[in-house]
Amino acid sequence: MGKIVFILSFMSLCLFAEELSTQEQSVEQNCLNCHQQQQIPSSLIHRRYLMKYSTAKRMEKAIFAYLKHPDKARSIMPSAFFSKFPMKEATTVDDSTLRKYIQNYLETFDIKKKLVLEK
Amino acid sequence: MLSSEKRSLIRFLLIYLASTFLLFSFASWIFYSSAKHHLLDQQRETLKYEAEHIKSQLRALHRSNAEVLYYPKSKNIRSAIYDLDKAYIFGTFKTKQILDEHTGGNILYYIAKIEPYYLGAAYLLTAKEIDFKPIENLQKNILFFMFAAGIFFSILGYFLGRLFVAPMRDSIEQMNHFIQDTTHELNTPISTILTNIEMIETFGKHEENSSELKRIEIASKTLSRIYDDLTYLNLNHHYHRRVITLNISDLLKERIVYFSAMAEAKGLKVTIDITQDVILQMDKNDAVRLIDNIISNAIKYNKPKGILYIILTNDAFIVKDEGIGIRAKDLSTILQRFKRANKSEGGFGIGLDIVDQVVRNYGFDLQIKSQEGKGTEVMVKWEK
């Protein structure tokens, strides 16, 4: 019985890890690669969102809104930014997948993970 | 100092000091609250300063690209950052504190808003332990002030009280002097009258004017008793008592004979029940004053042709009358000097005061029962 439980747990963990890994790869392919090519640091974008919206939920909402309908008003970047870079096109990714991508992005750059107490 | 003067002074001091104490306590409490608030505000300023310092460090951390971000720490100050939804982000608190908790126990809290939200933090909570030393010093100073003020106002109150009771003391002293002088002047004529009446009675020249002579005798004895009472009161403190083995039964019989003319004049029926040879260790003058005052009151306030009961047992001396009685509200003050519950009869209101003094001197117990309109019973128990 114990063995069965162990095997089932191990299998579900593997599946979950695989799914996470697939999601990370998709974020990498669909979002971060493009930012890297255009030399726009993703961490910087994350900090800008964090500084304006404070919580993950609010950030997710703002990023989602921008990606769906990109314009200057919804963007976190200053308007001068768009004189150098073109406005990105609206995403074709479905809502559910997009939300997962955003959550993954926020998770990747979560600043709480970096905070430690000095000894 | 007279006892009434002392009583008035104590009452004045109690009222004066109690009201002063209340007033000062109230003022001190207001001052203490305000000063304590000010001291805590001063300590909160330290928190404000530290919060500003932490904020600037958070801004630097927000811009840092380092892999590890060290959260700013301050000596004796604990802090934590919260997001816009007031959810805990990070901090030096061991437990995640509730952001709305401003003060609690010995901890002083200060919440600073952060704008823009560096590291996502919208609120910074700083806390430190309250330094109670300045507050304790404040309490000590206030207590010392209250103590010093208490001493000052006690002394001031004492002198003010003496000043206020001075007119009363002067009046009482004047009255005492007057009584002293009057009694002195009365002594010789009263003695002369009584001696002469006795001579007339002895040599049998009084048959023709016996009723007139009786009235003169009663009036003279009344005067003589008033003289004795006043002298007793005046000399009470300086009077040297000679306590002897006294046969109260014999003495009482003598005094009943002395009062017989008065009782007869009022038509009283005197019922006597005296136990033989009741012996007490007493000064004779004290015993005479005790018996005379109780009997004379009972005769004076009895109704005409009423009954006067005089009872002496080994335990007590009881005198009952069927007179006007004493109102219930006057019973508690009837023993005070110059107090007269009923002014229908003459007198100075010193009789029961003398009785009370004698009773207290010898440790007896005095009980007065009275019903208005029905009569009074005075009982002196030899043992308490």
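Residues numbered from 1 in each chain as written. Chains lettered and ligands numbered in written order. Predicted model: local features only at pLDDT ≥ 70, side-chain atom pairs only at ≥ 80, totals over all residues.

Asker: Quick question: what am I supposed to make of the overall build of chain A here?
Answerer: Within chain A, the secondary structure is distributed over five helices and one strand. Counted from the first residue to the last, chain A has its helices and strands arranged as α-α-α-α-α-β. The long-range share in chain A, meaning contacts at least 24 apart out of those at least 6 apart in sequence, stands at 58%. (Helix = DSSP H or I, 4+ residues; strand = E, 2+ residues; numbered from the N terminus. Contact = placed C-beta atoms within 7 Å.)

Asker: How should the packing of helix α3 (residues 56-68) of chain A against helix α5 (residues 95-108) of chain A be read in this particular structure?
Answerer: The packing of two helices is summarised by the inter-axis angle and the distance between the axes. Residue and element names in this part refer to chain A. Closest axis-to-axis distance for the α3/α5 pair is 10 Å, and the angle between their directions is 130°. With respect to α5, the axis of α3 lies oblique. Two packed elements cross with a definite hand, and for α3 against α5 that hand is right-handed. Between α3 and α5, the residues in contact are Ala56, Met59, Glu60, Ile63, Phe64 and Leu67 and Leu98, Arg99, Ile102, Gln103 and Leu106, respectively. Of the residues that constitute the contact of α3 with α5, the class distribution is eight nonpolar, one polar and two charged. (Axes fitted to C-alpha atoms, helices over the stretch in contact; angles between N-to-C directions. Parallel < 35°, antiparallel > 145°, perpendicular 65-115°, else oblique. Left-handed = near helix turned anticlockwise from the far one by under 90°. Nonpolar A, V, L, I, M, F, W, Y, C, P; charged D, E, K, R; others polar.)

Asker: Teacher, can you tell me more about unusual backbone geometry here?
Answerer: With the exception of glycine, most residues fall at negative phi, and the peptide bonds are largely trans. All names here are of chain B. Going from Glu115 to Pro116, the amide bond is cis rather than trans, its omega being -5°. Relative to the helices and strands, Pro116 is located in the loop between β5 (107-113) and β6 (123-129). Its identity as a non-glycine residue notwithstanding, Lys86 has a phi of 65°, on the positive side. The residue Lys86 is located in the loop between β2 (78-82) and β3 (88-91) in this model. Of note in the backbone geometry, Asp277 takes a positive phi value of approximately 50° without being a glycine.

Asker: Please clarify how the interface of chain A and chain B should be interpreted in this entry.
Answerer: Taken together, the contacts link 14 residues of chain A with 19 residues of chain B. Among the secondary structure elements, those contributing two or more residues to the side of chain A that touches chain B are α2 (42-53) and β1 (115-117) of chain A. No other element matches α2 of chain A, which puts four residues into the side of chain A that touches chain B. Of the residues contributing to the side of chain A that touches chain B, the split by class is six nonpolar, two polar and six charged.

Asker: I would appreciate a short explanation of the sheet that holds strand β12 (residues 365-371) of chain B in the present structure.
Answerer: Two orientations exist for strands paired in a sheet by backbone hydrogen bonds: parallel and antiparallel. All names here are of chain B. Pairing is mixed in the open sheet, where five strands are placed in the order β8-β10-β11-β13-β12. Looking at strand neighbours, the two that pair on one side only are β8 (269-274) and β12, the edges of this open sheet. Each neighbouring strand pair of the sheet contributes to a mean axis angle of 10°, computed without reference to strand direction. With five bridges joining them, strand β11 (residues 316-320) and strand β13 (residues 375-381) adopt antiparallel strand pairing. In the strand pairing of β13, Phe317 is matched with Val380. (Pairing = 2+ DSSP bridges.)

Asker: Explain α3 of chain A here, please?
Answerer: Given 3.6 residues per turn, any residue in an α-helix points the same way as the ones three and four places further on. All names here are of chain A. Between the first and last C-alpha of α3 there are 18 Å, a value that for 13 residues agrees with the 18 Å anticipated at 1.5 Å per step. Looking only at α3, the buried set comprises Ala56, Met59 and Ile63. The buried residues of α3 occupy one face: seen down the axis, they fall within an arc of 60°. (Expected span 1.5 Å × (residues − 1). Buried ≥ 20, exposed ≤ 12 C-beta atoms within 10 Å, placed from the backbone. Arc of directions from axis to C-beta.)

Asker: Explain the nonpolar core to me, please; I cannot follow it from the model alone.
Answerer: For soluble globular proteins, nonpolar side chains are generally found buried alongside one another. By size, the foremost hydrophobic cluster in this structure holds 36 residues, and its most contacted members are Leu290, Ile291, Ile294, Ile295, Ala298, Ile299 and Val355 of chain B. Among the elements that make up this core, the one with the highest residue count is helix α5 (residues 284-300) of chain B (eight residues). Once you skip the residues sitting within four places of it in the chain, Ile294 of chain B turns out to touch Val319, Val355 and Val378 of chain B. Core analysis: the next-biggest nonpolar cluster, separate from the first, contains 34 residues, Tyr49 and Ile102 of chain A together with Ile81 and Ile114 of chain B among them. (Core = buried A, V, L, I, M, F, W, Y, C linked by C-beta atoms within 7 Å.)

Asker: For this particular structure, what's the right way to read the pairing of β8 of chain B?
Answerer: Residues and elements named next belong to chain B. The element β8 is largely exposed, with a buried count of zero among its six residues. Summarising the sheet, β8 and strand β10 (residues 307-312) pair through six bridges and their orientation is parallel. Considered in β10, the bridge of Lys269 is made with Ile307.

Asker: Whenever I open this one, the environment of Ser75 of chain A confuses me. Can you help?
Answerer: All names here are of chain A. Summarising the element assignment, Ser75 is placed in the loop between α3 and α4 (81-84). When the C-alpha positions of Ser75 and Ile63 are compared, they lie 8.2 Å apart, and in sequence the two are twelve residues distant. When neighbours within four sequence positions are excluded, Ser75 is seen to be in contact with Tyr66 and Pro70.

Asker: Explain the confidence of the model for chain B here, please?
Answerer: Keep in mind that low pLDDT regions are not for reading the predicted coordinates in detail. The predicted model of chain B has a mean per-residue pLDDT of 85, with 89% of residues at 70 or higher. Our summary of model confidence lists the complex with pTM equal to 0.53 and ipTM equal to 0.78. (pLDDT = per-residue confidence, 0-100.)

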